[in-house]
Amino acid sequence: MAPKTSSDADARRVRRCRVCNSKDLTLVLDLGETPLANSYLERPTDPERRFPLRLLFCNDCSLVQLSHIVRPDLMFRDYAYRSSSSATVREHVRELAEYLHANFLTSSKDLVVEIGSNDGSLLGAFKGLGSRVLGVDPAKNLARIANERGLETIPEFFDASMAHQIRQTRGPARIIIGNNVFAHVDDLHDLMGGVAALLDEGGVFSIEVPYLGDLNQNVEYDTVYHEHLSYFAVHPIETLFAQFQMGLLSVTRLEIHGGTIRVIGTKSKKRIPRSPFIDLERKCGLDRLETFRDLGYRVEYQKSYLKYTLDKIKSEGRAIVGYGAPAKSNTLLNACGIGTETLDYVIDTTPEKIGKYTPGTHIPIYETERFRRDQPPYALMLAWNYEKEIILKERDYTGQFIIPIPYPRILSKNPGQ
Ligand code: DWN
Ligand code: ZN
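The structure displayed is predicted, hence computed values, not measured ones.

K.L.:
Requested: an account of the overall build of the chain, with residues and values cited.
P.N.:
Scanning the chain from terminus to terminus reveals 13 helices and 19 strands. Relative to its length of 417 residues, the chain is compact, with a C-alpha radius of gyration of 21 Å against a globular reference of 22 Å. Structurally, the chain occupies a C-alpha span of about 65 × 45 × 40 Å along its principal axes. A burial count over the chain gives 59% of its 417 residues as buried. For the chain, the proportion of contacts with a sequence separation of at least 24, taken over those separated by at least 6, is 67%. Surface summary for the chain: the accessible area is close to 17,400 Å², and the carbon and sulfur share equals 51%. Mean positive and mean negative side-chain charge positions of the chain (53 and 53 charges, respectively) differ by 2 Å.

Listed below in structure tokens is the structure:
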């Protein structure tokens, strides 16, 4: 039975660019109609919503963005992803807190506000350094965890009116952070208006977003899903910040999540010189339509190469399981049509995912112990962005990992030894 496409009331079609308001948008990638990436099923027969998963290129400001915006309350009110689900992210947030605390906080009275604070991992690191913190996250399940840990978190979406309320009740923020949330927001002008209103003079707004340069270079099409509305290069971010009299103090490329940029901006009356990234991006073609047309062809090649690799292993009668059930894996599995005919099961460390089924492909999710007991001959590393951490963690694994991105490669046995 053809999967039901959800009604228009659940998903708004994009007609204008969210950064520059242009109508000159071109379709560059179509990944079909897929379920929401973090909507794990209690039972494989549970009804599922599917939405178009397509990327558009803005011919005016070069922002790459989704063609359909799913209602945020369907995606973010009860959220399966926890920032603390990997040692890599826990270490990352500790380092970020130390860096921002050392370079931008002047006293323990300074307020640090995090938009999209998840389970409070980053807030906890700041609090450990003696800062005053406040989290904002609409996921009630995660806000509860953070509040129980003594990290005050407002369980709502951040917007300009909330920003004014926070400033009235708690004063201005010295640091505002938006990690892995800036790409998730539709009305970026409202968010930036709130940031500009809440930010103290001399304060900074630090965001981390998946980097379009890495997505393009490493064919990371699995990082395209309905939570990620925008796919940022630096240029559209600089364009947006400038609309709110903010300039970019620094842009840093990071390895985490398959390639991320950390952009730190501040309010500035005088003009801050353009980021050197802009020229680099022009050289890499991140401001040109044909770059993303070409990406579409490379995605199709990558998908068929992965299917061929897995089908060949299955034809030899060998078992394959999935390692990790990240949101991104649901784009990869659904776009490639990989289900229980290929993967016996998937394992994950996240309590909210264990015992459930993957959206759209209905593969059972078990705890990691099952993988260690079974020692399957092959494991498709769906959480490929943690390759180092996983190889080290699974150095007793006797089978072989298959790394799907950027192109399928099969690791030798016991690579961790
Ligand atoms: O932007 C987002 C990124 C930052 O995090 C959110 N939209 C949602 C989420 O995306 P994701 O689910 O693709 O993130 P991760 O961190 O790549 O997910 C890794 C998954 O793998 C988690 O469910 C935990 C799991 N895992 C595991 O089972 N064993 C991870 C490691 C390292 C492991 O050893
Ligand atoms: Zn635009």
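Here the narrative resumes.
K.L.:
Which residues make up the coordination of the zinc ion (ligand 2), and what are the values?
P.N.:
Binding of the zinc ion (ligand 2) to the protein goes through Cys17 (SG), Cys20 (SG), Cys58 (SG) and Cys61 (SG), at separations of 2.2 to 2.4 Å. Because the angles between the four donor atoms bound to the zinc ion (ligand 2) fall within 97 to 114°, the donor set is best described as tetrahedral. Between consecutive donor residues of the zinc ion (ligand 2), the sequence gaps follow C-x2-C-x37-C-x2-C. Placement of the pair is Cys20 in the loop between strand S1 (11-13) and strand S2 (25-34) and Cys61 in the loop between strand S3 (51-58) and strand S4 (64-66), with a sequence separation of 41 residues. Assessed through its relative accessible area of 28%, Cys20 is described here as partly exposed.

K.L.:
So, the packing of helix H8 (residues 234-242) against helix H9 (residues 277-284): which residues are in play, and what are the values?
P.N.:
At a minimum axis distance of 9 Å, the contact between H8 and H9 shows a crossing angle of 140°. The orientation of H8 with respect to H9, classified from their angle, is oblique. Between H8, through Val234, His235 and Glu238, and H9, the contact on the second element is made entirely by Phe277, Ile278 and Glu281. When the residues that make up the contact of H8 with H9 are grouped by side-chain class, the tally is three nonpolar, one polar and two charged.

Rules used throughout
- Residues numbered from 1 in each chain as written.
- Chains lettered and ligands numbered in written order.
- Predicted model: local features only at pLDDT ≥ 70, side-chain atom pairs only at ≥ 80, totals over all residues.
- Heavy atoms only, no water.
- Helix = DSSP H or I, 4+ residues; strand = E, 2+ residues; numbered from the N terminus.
- Rg over C-alpha atoms; globule rule 2.2 N^0.38 Å.
- Buried < 20%, exposed > 50% of the residue type's maximum accessible area, 1.4 Å probe, protein only.
- Contact = heavy atoms within 4.5 Å.
- Areas by Shrake-Rupley, 256 points an atom, 1.4 Å probe, with all protein chains shown as cover.
- Lys, Arg positive; Asp, Glu negative; His and termini not counted.
- Charge placed at Lys NZ, Arg CZ, Asp CG, Glu CD.
- Donors = N, O, S within 2.8 Å, 3.2 Å for Na, K, Ca; no water.
- Tetrahedral: all angles 85-135°; square planar, octahedral: opposite > 155°, others 65-115°.
- Axes fitted to C-alpha atoms, helices over the stretch in contact; angles between N-to-C directions.
- Parallel < 35°, antiparallel > 145°, perpendicular 65-115°, else oblique.
- Nonpolar A, V, L, I, M, F, W, Y, C, P; charged D, E, K, R; others polar.

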